[in-house]
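# Structural features, examined
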Amino acid sequence: MALTVQNFIKLANFYNQMLMMMSAVCVEKGGVAIENYSGRFFVADTLEFVYEYGRRLMDANKNSVPSDVAAVIEKFRVQYERVKDLTTPTQKPIYEMTLEEFERVMNI
């Protein structure tokens, strides 16, 4: 996936939709607190991926990233700092893996 603003926006929209679904599931399950929802680990992993994509986008294209997109990346950074202890530990973060390494880890 090429580092583009459009791809980042798609990832950010996916993450925001997933948060909305997580909230809906918690309500439907009787008002489960988000801190107790088992899917919070996947959401933290997704946030890590989206933030890292945005960070790399900023590093590669600092002058061509619109200020509103840069603000969203910063917002995701702040959110990620709060939940980074929930992310799945690996020897190498997923966003640094090659496709071959990812397939091997996922046993594909």
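Just so you know, these numbers come straight off a predicted model, no measurement behind them. (Residues numbered from 1 in each chain as written. Predicted model: local features only at pLDDT ≥ 70, side-chain atom pairs only at ≥ 80, totals over all residues. Heavy atoms only, no water.)

## A few points about the overall build of the chain
Along the backbone of the chain there are 4 helices and 0 strands. Listed by position from the N terminus, the elements making up the chain come as α-α-α-α. Projected onto the principal axes, the alpha-carbon positions of the chain cover approximately 45 × 35 × 20 Å. When each of the 108 residues of the chain is scored for burial, the buried share is 28%. (Helix = DSSP H or I, 4+ residues; strand = E, 2+ residues; numbered from the N terminus. Buried < 20%, exposed > 50% of the residue type's maximum accessible area, 1.4 Å probe, protein only.)

## Examining the packing of helix α2 (residues 40-60) against helix α3 (residues 67-83)
Relative orientation of the contacting elements α2 and α3 amounts to 140°, with a least axis distance of 9 Å. The pairing of α2 with α3 is recorded here as oblique in orientation. Between α2 and α3 lies a crossing whose hand is left-handed. Contacts between α2 and α3 pair Ala44, Leu47, Glu48, Val50, Tyr51, Gly54, Arg55 and Met58 from the former with Ala70, Ile73, Phe76, Arg77, Gln79, Tyr80 and Val83 from the latter. Of the residues contributing to the contact of α2 with α3, the split by class is 10 nonpolar, 2 polar and 3 charged. (Axes fitted to C-alpha atoms, helices over the stretch in contact; angles between N-to-C directions. Parallel < 35°, antiparallel > 145°, perpendicular 65-115°, else oblique. Left-handed = near helix turned anticlockwise from the far one by under 90°. Contact = heavy atoms within 4.5 Å. Nonpolar A, V, L, I, M, F, W, Y, C, P; charged D, E, K, R; others polar.)

## Section: the nonpolar core
With 20 residues, the main nonpolar core has Phe8, Tyr15, Val50, Val65, Val69, Ile73 and Phe76 as its most contacted residues. In contact with Val65, not counting residues within four places along its chain, are Val5, Leu57, Met58 and Ala70. (Core = buried A, V, L, I, M, F, W, Y, C linked by side-chain atoms within 4.5 Å.)

## Details of α3
For α3, spanning 17 residues, the distance from its first C-alpha to its last is 25 Å, which sits close to the expected 24 Å at 1.5 Å a residue. All buried positions along α3 are accounted for by Val69, Ile73, Phe76, Gln79 and Tyr80. One face of α3 carries all of its buried residues, which in axial projection span an arc of 125°. Exposed residues lying more than 90 degrees from the buried face of α3 are Ser67, Asp68, Lys75 and Arg82. (Expected span 1.5 Å × (residues − 1). Arc of directions from axis to C-beta.)

## A few points about the pattern of salt bridges
When their charged atoms lie close together, side chains carrying opposite charge are able to pair. What the rule picks out here adds up to 5 salt bridges. One salt bridge in this structure joins Glu52 and Arg55, with 2.4 Å as the shortest N-O distance. One end of the pair is Glu52 and the other is Arg55, both in helix α2 and 3 residues apart, which spans about a single turn. By relative accessible area, which is 5% here, Glu52 ends up buried. (Salt bridge = Lys/Arg side-chain N within 4 Å of Asp/Glu carboxyl O.)

## What to know about a nonpolar patch on the surface
Together, Val105, Met106 and Ile108 make up a nonpolar patch on the protein surface, roughly 340 Å² of accessible area in all. Counting through the fold element by element, Met106 comes out in helix α4 (residues 99-106). (Patch = residues over 30% accessible without salt bridge, like charges linked within 9 Å, V, L, I, M, F, W, Y side chains within 5 Å. Areas by Shrake-Rupley, 256 points an atom, 1.4 Å probe, with all protein chains shown as cover.)

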